[in-house]
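What follows is the residue order along each chain.
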Amino acid sequence: MLRGLLTKVLGDPNEKTLKELQPIIEDINDLEPKFKALDDQELHDKTVEFRGRLLAGDPLDEILPEAFAAVREAARRTIGLRHYDVQLIGGIVLHQGKVAEMKTGEGKTLVATLSLYLNALESKGAHLITPNDYLAKRDAQWMGPIYHALGLSVGVIQSQTDAATYQPSYVFDPEFKATDDRYQFLRPVPRPEAYQADITYGTNNEFGFDYLRDNMVSDLSQMAQRELNYAIVDEVDNILIDEARTPLIISGQAEESSEFYKRFAQEVRKLRRETDYTVEEKMRVVTPTEEGIEKMERWLGVDNLYSPENYHLTPYLENALKAQVLFKRDKEYIVKDGEVIIVDEFTGRLMYGRRYSEGLHQAIEAKEGVPIQRESLTLATITFQNYFRMYDKLAGMTGTAYTEAEEFGKIYDLDVVVIPTHRPLIREDYSDLVYKSEKAKYKAVVQELKELHELGRPVLVGTTSVENSEHLSELLRRQGVKHEVLNAKMHEKEAGIIAQAGQPGSVTIATNMAGRGVDILLGGNPEGLARERLRRQGVDLTTVPQDDWEQALAEAKSECESAKRRVLELGGLHILGTERHEARRIDNQLRGRAGRQGDPGTSRFYVSLEDELMVRFGGQNAAKIMERLGVEEDVPIEHNLVSKSIENAQVKVEGYNFDVRKHLLE
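Please read these numbers as outputs of a predicted model, since none were measured by experiment.

Student: Lay out the sheet that holds strand β5 (residues 186–188) with the relevant residues and their values.
Tutor: The nine strands lie next to each other as β5-β4-β3-β6-β2-β7-β15-β1-β16, forming an open sheet whose pairing is mixed. Looking along the sheet, the strands with just one partner apiece sit at the ends: β5 and β16 (416–418). Pairs of neighbouring strands in the sheet enclose a mean axial angle of 20°, with direction left out of account. Sheet topology places strand β2 (residues 126–130) next to strand β7 (residues 230–234); four bridges connect them, and they run parallel. Considered in β7, the bridge of I129 is made with V233. Across the sheet, helix α7 (residues 133–149) is in contact with β2, β3 (154–157), β4 (169–172), β5, β6 (199–203) and β7; its angle to β6 comes to roughly 165°.

Okay, structure coming up:
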């Protein structure tokens with residue numbers, strides 16, 4: 001309310017910021033004809049000229065209009081994309097060390113090239129941080145020709161996926177022919193060389209782990225990174241907020257793990273809820289009752305669990321209870337090849353190599369009956385919060401940052417600027433449908449998907465966990481609805497599927513993070529379609545003749561065009577959320593997958609009173625209203641008041657999570 005009043009009196013600060021940038025945009029546009037007239041060599045030599053001016057004492061801000069004009073022209077010549085004015089605004093905001101909120105499909109990857117180029121002119125390195133390896137590799141390959149035309153080098157760091165390749169790192173080299181077409185133009189190099197490049201793309205995990213490894217070397221010559229000068233964090237809300245609490249840990253092995261884990265896991269199974277322990281859903285805390293403690297003492301053959309001589313046993317009880325009651329298989333973790341692998345609650349991705357601390361992971365291993373690994377000893381650790389605050393200048397971009405503007409400001413000293421869209425947003429967001437039970441909700445979801453599928457309208461279905469997406473997939477299979485499921489287990493393959501999620505009649509089920517950073521083009525993605533077809537015909541894409549490729553691409557383009565017309569007639573992509581997430585941002589991200597670049601689209605969330613968010617916050621009130629109105633099981637209630645109360649619950653959780661992160665930092 002206070003913010004609204006201030007805006008009325010002082011004007012919208014966002015509008016004010018955008019207005020101040022307008023003269024710079026005009027300067028860049030005025031330079032366009034001059035840069036168009038340069039030949040390729042003259043454009044390439046501009047970088048040497050700019051670096052000379054910097055050495056002579058010119059500040060970066062003075063060079064900005066010409067540097068941006070050079071990047072815009074290089075992009076037009078090399079990859080056929082010209083930066084729009086709103087993209088130039090985004091570039092300036094990133095250069096100023098702020099967070100640019102840009103809607104899905106507004107071309108964040110292209111926007112980043114502007115400020116990366118400008119800041120790389122200082123020869124101190126500029127980093128672009130992505131949430132996964134696939135995006136780091138894709139962006140470097142896609143944008144590499146722009147930097148190459150301007151005489152800058154580009155490095156890529158990837159995480160180790162197999163034992164054969166140690167710390168895979170590459171530099172962009174248009175002359176290099178890879179044996180695998182997915183790595184085209186990426187020449188393998190040692191890790192330090194990828195960091196010596198003017199611009200380096202990589203994931204938050206790899207940058208963080210390299211920093212830790214550098215702190216453990218015995219000789220300075222073994223270090224990989226150089227100074228932390230400038231970074232743009234892509235999907236900044238995911239990395240600096242959702243993952244902020246996650247510490248990166250390099251650990252060594254400590255003593256053998258104790259037999260007590262197995263013993264406690266067996267005994268805890270016999271305990272009953274309410275009688276032997278109580279659960280506080282809101283705070284995710286489980287506490288044994290007097291009766292429960294007495295039973296455990298009897299089964300373990302000890303007089304008093306909490307006496308000094310038995311005190312070492314209490315952590316085993318706490319962890320065994322937590323593992324049994326609060327941590328669910330296929331939600332918080334999965335079991336694969338005899339190992340317990342954590343599932344990231346925000347992204348749905350599998351976190352290989354990460355383990356819960358203080359014996360909790362071992363307790364889950366005991367519960368699942370898989371080999372219990374040795375406890376680990378922390379050798380080096382840092383949180384993302386602390387790592388990214390070490391950069392001299394930090395910027396970020398995402399489709400959803402405004403709801404967390406306070407946190408960006410207080411913790412990272414970052415302002416959020418909302419960048420206008422290139423074309424007006426015409427997507428319709430319907431109010432939530434609330435059902436009494438989860439069963440009734442899923443029944444309605446399946447019915448809706450079946451109807452849209454038969455109509456030929458593409459749908460993207462968002463779920464909050466691997467377990468839910470597999471449950472829904474099974475229900476659809478029984479109804480004979482053809483669909484794809486993305487659980488963020490295979491980034492590369494998923495990017496291919498999500499790119500085609502706009503084809504007529506396609507139904508794609510995805511957890512939160514699956515395919516983030518990949519645009520859904522209505523009618524399908526012609527380039528991906530052409531590649532897939534040629535692969536199926538057994539064509540090696542690294543040696544395919546140019547004529548064959550162009551013919552395959554032309555066929556795919558005309559197919560996608562007619563498919564797009566059909567999808568547009570049906571109302572564009574529909575987004576169906578099967579549950580509200582505890583952060584509004586994640587819901588907004590899902591909605592944002594439809595209605596890109598002025599396309600039509602719709603979105604709706606289906607909620608049940610048994611959903612976790614509703615159980616934790618205020619589901620009882622809605623349940624009472626439904627009881628009073630005598631609502632039947634299968635009849636939903638749809639009212640703005642309900643949607644409002646769900647959002648209030650989300651605001652509560654966001655506030656709670658913010659306090660936890662702030663406390664962690666302090």
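There's more to say after this.
Student: Give me the environment of D40: which residues, what numbers.
Tutor: Structurally, the position occupied by D40 is in helix α3 (residues 40–55). Residue classification places D40 among the exposed residues on the basis of a relative accessible area of 55%. Engagement of the side chain of D40 in a polar contact is seen with the side chain of R77, the distance being 2.8 Å.

Student: I'd like to hear about the pairing of strand β23 (residues 601–608), residue by residue, with values.
Tutor: Among the eight residues in β23, eight count as buried, and that is most of the element. Here β23 shows no split at all, with G601, S603, F605 and V607 on one side and T602, R604, Y606 and S608 on the other all buried. Summarising the sheet, strand β18 (residues 433–435) and β23 pair through three bridges and their orientation is parallel. In the sheet register, V434 faces β23, and the bridge partner there is V607. Of the strand pairs in this sheet, strand β22 (residues 573–577) and β23 are connected by five bridges, and their pairing is parallel. Residue pairing across strands places H574 opposite T602, the latter belonging to β23. In this fold, β22 hands off to helix α22 (residues 584–591), which returns the chain to β23; that crossover is right-handed.

Student: Let's hear about the packing of aromatic side chains: which residues, and what values?
Tutor: Under the counting rule described, the total for this entry stands at 14 aromatic pairs. Ring geometry for F50 versus Y117: centroids 6.5 Å apart, planes at 70°, classification edge-to-face. A residue pair is termed long-range when its members are at least 10 positions apart, and F50 in helix α3 and Y117 in helix α6 (residues 108–120) qualify at 67 residues. Each member of the pair, F50 as well as Y117, is classed as buried. For the ring pair F327 and Y356, a centre distance of 5.2 Å and an interplane angle of 70° mean the geometry is edge-to-face. Placement of F327 in the loop between α13 (314–325) and β11 (333–336) and of Y356 in the loop between β13 (350–351) and α14 (360–368) is noted, with a sequence separation of 29 residues between them. In this structure F327 comes out as buried when scored by relative accessible area, which is 11%. What links up through ring pairs into an aromatic cluster is the set Y211, F384, Y387, F388 and Y391. The residue whose ring lies beneath K270 is W299, and the NZ or CZ to ring-centre distance is 4.6 Å. Over the aromatic face of Y442 sits the side chain of K441, whose NZ or CZ is 5.0 Å from the ring centroid.

Student: Please give an account of the sheet that holds β11 that cites residues and values.
Tutor: As summarised here, the arrangement of the three strands in space is β11-β12-β13, forming an open sheet in which the pairing is antiparallel. Of all the strands in the sheet, the pair left with one neighbour each is β11 and β13. Judged from the two bridges that link them, strand β12 (residues 339–343) and β13 form a sheet pairing that is antiparallel. Residue I342 lies in a different strand from β13, and its bridge partner there is M351.

Student: Break down a nonpolar patch on the surface for me, with residues and values.
Tutor: On the surface, M283, V285 and Y656 cluster together into a nonpolar patch covering about 230 Å² of accessible area. Secondary-structure assignment places M283 in the loop between β9 (277–280) and β10 (285–288). The class of M283 is partly exposed, set by a relative accessible area of 38%.

Student: How would you sum up the nonpolar core? Please name residues and give values.
Tutor: Grouped together as the largest cluster of nonpolar side chains are 59 residues, with contacts concentrated most on L116, Y201 and I232. Among the elements that make up this core, the one with the highest residue count is helix α4 (residues 60–78) (10 residues). Aside from chain neighbours lying at most four places away, what touches I232 is L94, A112, S115, L116, H127, L128, I129, A395 and M397. Among the nonpolar cores identified, the runner-up in size contains 36 residues, and I129, A224, L240 and I382 belong to it.

Student: Provide a residue-level description of the pattern of salt bridges, including the pertinent values.
Tutor: Under the criterion given, the structure shown has 31 salt bridges. Between D40 and R77 there is a salt bridge, with its nearest N and O atoms 2.8 Å apart. One end of the pair, D40, is in helix α3; the other, R77, is in helix α4, and 37 residues separate them in sequence. A salt bridge links D210 to R213; the nearest nitrogen and oxygen atoms lie 3.0 Å apart. Of the two residues, D210 and R213 are both situated in helix α9 (residues 204–214); the distance of three residues between them amounts to about one turn of the helix. Via salt bridges that share partners, K46, E49, R53, D58 and E66 belong to a single interconnected network.

Student: Just give me the short version of the packing of helix α11 (residues 260–268) against helix α12 (residues 290–300), but keep the residues and values in it.
Tutor: It is the contact of α11 with α12, at a shortest axis distance of 11 Å, that shows an interaxial angle of 130°. Classified by the interaxial angle, the pair formed by α11 and α12 is oblique. Relative to α12, α11 is oriented so that their crossing is right-handed. Of the residues in α12, those touching α11 at R263, F264, E267 and V268 are M296, W299 and L300.

Student: Residue-level account of the side chain of R72, with values.
Tutor: By secondary structure assignment, the location of R72 is in helix α4. Of the residues examined, R72 reaches a relative accessible area of 2% and is grouped as buried. Residues in contact with R72, not counting those within four places in the same chain, are N29, E32, L81, R82, H83, Y84, D85 and L88.

Student: Please set out the pairing of β9 residue by residue, giving values where relevant.
Tutor: Side chains Y277 and V279 of β9 all project onto a buried face; the interleaved residues T278 and E280 project onto a face where none is buried. Bridge count for β9 against β10 is four bridges, and the pairing is antiparallel. Its bridge partner being in β10, T278 is matched across the sheet by T287. Between β9 and β10, which pair antiparallel one after the other, the connecting turn spans four residues, and R284 there sits at a positive phi close to 50°.

Student: Pulling in residues and values, what's your account of unusual backbone geometry?
Tutor: At E235, a residue that is not glycine, the phi angle is positive and equals roughly 50°. Considering the arrangement of structural elements, one finds E235 in the loop between β7 and α10 (236–242). Notably, E274 is not glycine yet its phi reads approximately 70°, a positive angle. With respect to the helices and strands, E274 occurs in the loop between α11 and β9.

Student: Quick one: what's the story with the side chain of N14, residue by residue and with numbers?
Tutor: Among the structural elements, N14 can be located in helix α2 (residues 13–36). Using a relative accessible area of 12% as the deciding quantity, one classes N14 as buried. In this structure the side chain of N14 is engaged in a polar contact, spanning 2.8 Å, whose partner is the backbone nitrogen of V418. The contact partners of N14, leaving out residues within four places of it in the chain, are V416, V417 and V418.

Cut-off values and rules
Residues numbered from 1 in each chain as written. Predicted model: local features only at pLDDT ≥ 70, side-chain atom pairs only at ≥ 80, totals over all residues. Heavy atoms only, no water. Pairing = 2+ DSSP bridges. Helix = DSSP H or I, 4+ residues; strand = E, 2+ residues; numbered from the N terminus. Axes fitted to C-alpha atoms, helices over the stretch in contact; angles between N-to-C directions. Contact = heavy atoms within 4.5 Å. Buried < 20%, exposed > 50% of the residue type's maximum accessible area, 1.4 Å probe, protein only. Polar contact = N/O pair within 3.5 Å; in protein donor to acceptor, adjacent residues only side chain to side chain. Right-handed = clockwise from strand over helix to strand, strands pointing away. Phe/Tyr/Trp six-rings, centres within 6.5 Å; stacked < 30°, edge-to-face > 60°. Lys NZ or Arg CZ within 6 Å of the ring centre and 35° of its normal. Patch = residues over 30% accessible without salt bridge, like charges linked within 9 Å, V, L, I, M, F, W, Y side chains within 5 Å. Areas by Shrake-Rupley, 256 points an atom, 1.4 Å probe, with all protein chains shown as cover. Salt bridge = Lys/Arg side-chain N within 4 Å of Asp/Glu carboxyl O. Core = buried A, V, L, I, M, F, W, Y, C linked by side-chain atoms within 4.5 Å. Parallel < 35°, antiparallel > 145°, perpendicular 65-115°, else oblique. Left-handed = near helix turned anticlockwise from the far one by under 90°.

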